[in-house]
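# Observations on the three-dimensional arrangement
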Amino acid sequence: MTHIPILMIFDDEWEQGNRPTSMRMARRTLRDSSDPFAVPENEFRSLYRLSKDAVWALIDELRPFMPVKRRITAIPIELQILVALNFMATGSYQRRIGQDFLTCMSQAMISKSLHATVNGLNQLMKKWIAFPVSDAKLNAVKQGFFEFSAFPGIIGVIDSTHIAIVPPEAQRGHLFINRKQYHSLNVLVVSDYKGEILAVNAAHGGRTHDAKVFQSSRLFAHLTEQYENGRKGLWLLGDSAYPLLPFLLTPKLDQQEGTPGAKYTNHHIRACEAVKRCLGVLKGRWRCLRKERALHYQPEFAALIVNACCVLNNIAIRWRISEDEIYMDEIDTDPPELYENIDMENGEQARNQIIEWYFTD
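Reading the values: rules and limits
Residues numbered from 1 in each chain as written. Predicted model: local features only at pLDDT ≥ 70, side-chain atom pairs only at ≥ 80, totals over all residues. Heavy atoms only, no water. Salt bridge = Lys/Arg side-chain N within 4 Å of Asp/Glu carboxyl O. Helix = DSSP H or I, 4+ residues; strand = E, 2+ residues; numbered from the N terminus. Buried < 20%, exposed > 50% of the residue type's maximum accessible area, 1.4 Å probe, protein only. Pairing = 2+ DSSP bridges. Contact = heavy atoms within 4.5 Å. Axes fitted to C-alpha atoms, helices over the stretch in contact; angles between N-to-C directions. Phe/Tyr/Trp six-rings, centres within 6.5 Å; stacked < 30°, edge-to-face > 60°. Lys NZ or Arg CZ within 6 Å of the ring centre and 35° of its normal. Parallel < 35°, antiparallel > 145°, perpendicular 65-115°, else oblique. Nonpolar A, V, L, I, M, F, W, Y, C, P; charged D, E, K, R; others polar. Expected span 1.5 Å × (residues − 1).

Here we come to the pattern of salt bridges. For the structure on display, the rule yields 23 salt bridges. A salt bridge links K180 to E330; the nearest nitrogen and oxygen atoms lie 3.5 Å apart. Separated by 150 residues along the polypeptide, K180 in the loop between helix 10 (170-173) and strand 2 (184-191) and E330 in helix 15 (residues 330-333) bring together distant segments of the chain. On the basis of relative accessible area, K180 is assigned to the partly exposed category, the value being 30%. Under the relative-accessibility criterion, E330 is labelled exposed at 53%. With its nearest N and O atoms 2.7 Å apart, the salt bridge here joins K180 to D334. Here D334 lies in the loop between helix 15 and helix 16 (345-358) and K180 lies in the loop between helix 10 and strand 2, a separation of 154 residues in the sequence.

This is how it looks when you write it as structure tokens:
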């Protein structure tokens, strides 16, 4: 049987006056003498979903954003980050993590650690999540998608997923009830062909339609500006929940097999598998995002947790961490709610041109 060192951590400041001095000192001794990095690599990854090397690199990146250690008895930054990673990896409630995890921390300290780590990961978003802008990066994404799906000009594939949350206060609760009648965030994600996340928007409640989430995003404003400034021949691909636009192409439904329209749609579906898989890997690795776990926080902080998990997704890809599993909530596998705005003339023209140029024999 593999020996796993037991790491006992208590917030000494919280404990003071609540525990005998001998107990506090005993637990501090256990904390200081235990090393969570001493466990075998495979067990470490099962707890934190990242490799040891990746976590050490992440600790160095997060250090400037973590609370300054003011007491000699303060919980080390490394352990604060590890307990936050384990929460996001398992989706367990804070009290259960504090009791059953390799560390043993007070409820208050777990909460502080999670908030500090999540806020720090959000500070790193600009580094780890970036939509391609330069010609070199755009060309790399286009080339990757063409090799993956034989569809030209793709600079990203877009989809949404619902992240369950506990009901917020009554006066705004209705804004978060989705079509499956539970409270959620409707999260927009754009990925590349490898499943790396290029853009995320977790600011909307489950009631908001996918198209509205996109149209209110900075990405929509950026692509609109680029198109109006004359940049053509670059497309996002999305399902029928999104509007058909000159820079966002949707499938052409009900096409007879073997026709150019059907060929276009088959390649379109193939390309969009990348973002479907990305969302499945995201929930497979960071289980706090699954419906049955439901984030027990106000929507604003729940959105920050989603952002943090997206940063960690990209870190895992860059470090080539193997995928644990692909997980889909029921709502992720349902047909999309169709976008019904009929003012899509320019998008229809762009789609028909692509079908004529690339998918007609």
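An order of 3-2-1-4-5 is seen for the five strands of this open sheet, with the pairing classed as mixed. A single partner strand is all that each edge strand has here, and the edge strands are strand 3 (197-205) and strand 5 (248-249). One ladder, built from eight bridges, connects strand 1 (residues 154-164) with strand 2; its direction is antiparallel. Bridge pairing links A164 to S184 in strand 2. Sitting on the sheet, helix 14 (residues 299-318) touches strand 1, strand 2 and strand 3, and the angle it makes with strand 3 is about 165 degrees.

Centre distance and the angle of the planes are the two values used to describe a pair of aromatic rings. Applying the stated criterion to the full structure yields 13 aromatic pairs. Ring centres 5.9 Å apart and planes at 80 degrees place the aromatic pair Y264 and F359 in the edge-to-face group. In this pair, Y264 is assigned in helix 13 (residues 260-285) and F359 in the segment after helix 16, connecting sequence segments 95 residues apart. Taken as a pair, Y264 and F359 share a single burial class, namely buried. Ring geometry for Y297 against F301: centres 5.2 Å apart, planes inclined by 65 degrees, an arrangement best described as edge-to-face. F301 matches Y297 in its accessibility class, with the two residues each being buried. The structure contains a cluster of three or more aromatic residues connected by ring pairs, namely F214, F220, Y227, Y242 and F247. Positioned over the ring face of F148 is R270, at 4.1 Å from the centre of the ring. Across from the ring centre of Y327, 3.9 Å away, lies the NZ or CZ of R290, which sits over that ring.

With that settled, consider the packing of helix 5 (residues 77-90) against helix 14. Contact pair helix 5 / helix 14: the axes reach a minimum separation of 11 Å and the direction vectors enclose 95 degrees. Judged by the inter-axis angle, helix 5 sits roughly perpendicular to helix 14. Residues L85, F87 and M88 of helix 5 lie in contact with helix 14, whose contacting residues are I305, A308, C309 and L312. Class assignment of the residues belonging to the contact of helix 5 with helix 14 gives a composition of seven nonpolar, no polar and no charged.

To continue, consider helix 5. The end-to-end C-alpha distance of helix 5, which contains 14 residues, comes to 20 Å, matching closely the 20 Å that a straight helix rising 1.5 Å per residue would cover. Following helix 5 by one or two positions, G91 has its phi on the positive side, about 75 degrees.

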